[in-house]
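Overview (structure and organization)
Okay, here's what each chain looks like letter by letter:
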Amino acid sequence: MDLSALDRALDAKSYGLVALAAAAGDDVRRALWIVLAQCESLYWIGPLAEKPVVPGPARCWLLECPLDGRAAGLQHVLRNDPHAIHVVGVVDHDVMKRLVDAALVGCVVVAEVEATSASGAVDAVRALGVVDDTILQAALVGGVGPAGDVTIVRG
């Protein structure tokens with residue numbers, strides 16, 4: 001799985017929002033987590049059976065909670081100075097708004113959305129309408145599709 005374009009984009013802009021197609025398989029998720037593991041810390045928030053193991057320097061944490069508890073979980077994690085956050089499961093308007101805020105203050109965040117491609121994932125984030133397009137453009141790095149395809153958004 002080649003997510004090198006996303007890795008380069010995050011090297012150039014060390015914060016931001018990555019839209020992930022919720023239908024992405026385990027291989028795509030693991031490749032994405034390897035990119036995120038280059039950060040100092042990586043948090044997963046949501047319903048996972050066990051903490052994923054990824055190679056890289058990141059200290060990894062899992063805050064397991066039900067889907068309706070992710071907004072509160074995200075708020076808790078943001079108090080711990082996270083560097084990368086993956087909210088597991090399709091995000092709603094409230095969680096997306098918090099993720100955009102987190103991206104704008106310096107975190108790398110992953111938001112899962114319903115999409116069939118990387119560009120569709122970016123469009124799905126825009127369709128939620130949580131902030132105006134200028135602010136979203138400042139936060140958004142790109143999208144990852146179900147097959148590992150990548151779309152990079154230039155800010």
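Sequence order as written defines the numbering, with residues in each chain counted from 1. Where local features are concerned, this predicted model is filtered to residues with pLDDT of at least 70; where side-chain atom pairs are given and counted, the filter is 80 or more; whole-chain, interface and lining totals use all residues. To get the side-chain values, all heavy atoms of the structure are used, and hydrogens and water are removed first.

**Structural notes on the pattern of salt bridges**
Put simply, the rule is: A side-chain nitrogen of Lys or Arg and a carboxyl oxygen of Asp or Glu constitute a salt bridge if their distance falls within 4 Å. A run of DSSP states H or I qualifies as a helix once it reaches four residues; a run of E qualifies as a strand once it reaches two. Both are numbered from the N-terminal end. Partly exposed describes any residue whose relative accessible area lies between the buried limit of under 20% and the exposed limit of over 50%, with all areas from a 1.4 Å probe on protein chains only and scaled to the type maximum.
Summed over the entire model, instances satisfying the criterion amount to five salt bridges. Linking Asp94 and Arg98 is a salt bridge whose minimum nitrogen-to-oxygen distance equals 3.5 Å. Of the two residues, Asp94 and Arg98 are both situated in helix H4 (residues 93-104); the distance of four residues between them amounts to about one turn of the helix. Residue Arg98 is classed as partly exposed on the basis of its relative accessible area of 26%. One salt bridge connects Lys97 with Asp101, and the closest N-O pair in it is separated by 3.0 Å. Remark: Asp101 and Lys97 occur in helix H4; sequence separation between them is four residues, near one turn of the helix.

**Considerations on the packing of aromatic side chains**
What counts here: Each Phe, Tyr or Trp ring (for Trp, its six-membered ring) is paired with any other whose centre lies within 6.5 Å, and the angle between the two planes then decides the class: stacked below 30 degrees, edge-to-face above 60, tilted in between.
Under the counting rule described, the total for this entry stands at two aromatic pairs. Aromatic side chains Trp33 and Trp44 sit 5.4 Å apart centroid to centroid with 80 degrees between the ring planes, which places their arrangement in the edge-to-face category. Taken as a pair, Trp33 in helix H2 (residues 26-36) and Trp44 in strand E2 (residues 41-46) lie far apart in primary sequence, eleven residues in all. A ring pair is formed by Tyr43 and Trp61, whose centres lie 6.4 Å apart and whose planes are at 25 degrees; its orientation type is stacked. Separated by 18 residues along the polypeptide, Tyr43 in strand E2 and Trp61 in strand E3 (residues 59-64) bring together distant segments of the chain. The partly exposed category is assigned to Trp61, whose relative accessible area is 44%.

**Focus: the nonpolar core**
What counts is decided by this rule: Within this scheme, the nonpolar core is defined by two criteria: the residues are buried Ala, Val, Leu, Ile, Met, Phe, Trp, Tyr or Cys, and they are joined through side-chain atoms within 4.5 Å. Contact between two residues is taken to exist if any of their heavy atoms lie within 4.5 Å; hydrogens are not considered.
Ranked by size, the top nonpolar core spans 33 residues in total, and within it Leu17, Met96, Leu99 and Val113 carry the most contacts. Taken together, the elements giving at least two residues each to this core come down to strand E1 (16-21), E2, helix H3 (70-78), strand E4 (84-90), H4, strand E5 (108-113), helix H5 (118-128) and helix H6 (133-139). Leaving out residues up to four positions away in the same chain, Met96 has contacts with Leu17, Val91, Ala111, Val113, Val125, Leu128 and Val130. Counting residues in each nonpolar core, the second largest holds 27 residues, with Leu42, Val54, Ala58 and Ala84 among its members.

**A closer look at the environment of Ser14**
Among the structural elements, Ser14 can be located in the loop between helix H1 (4-12) and E1. Using a relative accessible area of 54% as the deciding quantity, one classes Ser14 as exposed. A sequence separation of 26 residues divides Ser14 from Glu40, and the C-alpha atoms of the two residues are 12 Å apart. The residues touching Ser14, leaving out its near neighbours within four places in the chain, are Gly106 and Val108.

**Description of the pairing of E2**
Heads up, the rule is: The rule for pairing is simple: two strands pair if DSSP sees at least two bridges between them.
Across the six residues of E2, six count as buried, placing the element largely inside the fold. For E2 and E4, the ladder comprises four bridges, and the chain directions are parallel. By the bridge assignment for E4, Tyr43 is matched with Ile85.

**Some words on the sheet that holds strand E7 (residues 150-152)**
Filter applied, for reference: Angles here are taken between N-to-C directions and fall from 0 to 180 degrees, while the axes themselves are lines fitted to C-alpha atoms, restricted in helices to the stretch in contact.
Strand order across the open sheet formed by seven strands is E3-E2-E4-E5-E1-E6-E7, with mixed pairing between neighbours. Looking at strand neighbours, the two that pair on one side only are E3 and E7, the edges of this open sheet. The mean inter-strand angle of the sheet, taken between neighbouring strand axes irrespective of direction, is 15 degrees. Judged from the six bridges that link them, E2 and E3 form a sheet pairing that is parallel. Within the sheet, the bridge partner assigned to Ile45 lies in E3 and is Leu63. On the sheet, H1 packs against E1, E5, strand E6 (140-144) and E7 and is oriented at approximately 25 degrees with respect to E7.

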